[in-house]
Amino acid sequence: MHLYNAGIYTAGFSYHSTLWNRLTENEKYQRRYAGERNILESFHYIGRQRSVDMIRRDGHKVFLDSGAFSMWSLGAHVDIAAYCDYIKRNDDIIRKEDGVLMASVMDAIGDAEGTLQNQNLMESMGVRPLPCFHFGEDPKYLEHYAANYEYMTLGGMVAQETWQLKLWLDEIWEKYLTDGSGRAKVRVHGFGLTSPELMRRYPWYSVDSSSWVQQAKVGMLLLLPEAKGIDVSEQSPRRKVAGQHLTTFTPPLQEALFQRFEAEGVDMQRAQTTYLARWTYNMYAYAKLGEIISAEKGANPTFAREQPGLF
């Protein structure tokens, strides 16, 4: 399973940025490690030439999200022709998987039929994007995408609770996305999937998350392999709550956590005082988490819904 860190370039983390010059050598290694694996960016945020030039100069290729939700949220105009033109002009910075273009459809938020029409319109313009099926939509659209595309996406999951997603994902993976042996019939990407439990539960081909930056902003480092956020910031209000911050754990647990983070290359003094150290470590840790989950699942991951017992 590929786990894409979302928004590295949106956050200004080019190798030639002012942020880069503020990093230690080990933090630069962590940024390179994440960047050389999986990055997802939104057209809404990197549509300017300056962003394209940064990605091209760094030699990276990105999974391109259309940014339709961001545009819809801000009431911005959606220009499908401009999006298709951008993809064609910047094909060299967009990732391919076995020849499949890793750029999502310009989805119509809250309108499954509109999203399908946009898919067809983009294809008529010479771009074949990844189709997207959203939480709560009519499964007939999912059936169409699964039957006609080798790689598709699932969206609309960010605002849902994990228990809601689990019920929905169990249903669609069992009925539409896996064969009789529980193996995926199509490559599936999960947009904004932040739950390690759900990453592990289904045979995703890829997912993405912006948790690397969100957790860092609130003072947290990702502990591996548990995928648990540990608050380490000196500025965190949780410093005053027992069991909610590194400094409020028992001394033996504090020491064990210090050793584990330092073994992964974290400068704990910087991590406690600067968000940059947390940013670089977390993007590295999420890239590693994807590799850990892939190793756990093996070469042919499957899904089988638990069957309730008689008693």
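To be clear, the structure that these remarks concern was listed above.
Parameters at a glance
Residues numbered from 1 in each chain as written. Predicted model: local features only at pLDDT ≥ 70, side-chain atom pairs only at ≥ 80, totals over all residues. Heavy atoms only, no water. Phe/Tyr/Trp six-rings, centres within 6.5 Å; stacked < 30°, edge-to-face > 60°. Helix = DSSP H or I, 4+ residues; strand = E, 2+ residues; numbered from the N terminus. Buried < 20%, exposed > 50% of the residue type's maximum accessible area, 1.4 Å probe, protein only. Lys NZ or Arg CZ within 6 Å of the ring centre and 35° of its normal. Expected span 1.5 Å × (residues − 1). Contact = heavy atoms within 4.5 Å. Polar contact = N/O pair within 3.5 Å; in protein donor to acceptor, adjacent residues only side chain to side chain.

A. Geometry of the packing of aromatic side chains. Evaluated as defined, the whole model comprises 21 aromatic pairs. Relative to Tyr-284, the ring of Tyr-29 has its centre 6.4 Å away and its plane inclined at 50°; by these criteria the two rings are tilted. Of this pair, Tyr-29 sits in helix H1 (residues 25–35) while Tyr-284 sits in helix H13 (residues 275–297); the two residues are 255 residues apart in sequence, bridging distant segments of the chain. Look at Tyr-29 and you get partly exposed, because its relative accessible area is 43%. Ring geometry for Phe-43 against Tyr-83: centres 5.0 Å apart, planes inclined by 45°, an arrangement best described as tilted. Of this pair, Phe-43 sits in helix H2 (residues 43–46) while Tyr-83 sits in helix H5 (residues 80–89); the two residues are 40 residues apart in sequence, bridging distant segments of the chain. Using a relative accessible area of 13% as the deciding quantity, one classes Phe-43 as buried. Overall, the relative accessible area of 0% leaves Tyr-83 in the buried class. Positioned above the aromatic ring of Tyr-9 is the side chain of Arg-31, whose terminal nitrogen or guanidinium carbon lies 5.4 Å from the ring centre. Seen from the ring of Tyr-33, Arg-37 lies directly overhead, with NZ or CZ sitting 3.4 Å from the centre.

B. Molecular detail of helix H6 (residues 112–124). Given a rise of 1.5 Å per residue, 13 residues ought to cover 18 Å, and the 19 Å separating the end C-alpha atoms of H6 matches this to within 8%. Three or more residues of H6 are buried, namely Ala-112, Gly-114, Thr-115, Leu-116, Asn-118, Gln-119 and Met-122. Packed against the buried residues of H6 are H5, strand S6 (132–134) and helix H7 (139–148). The backbone nitrogen of Glu-113 lies 3.3 Å from a side-chain oxygen of the residue at the head of H6, namely Asp-111.

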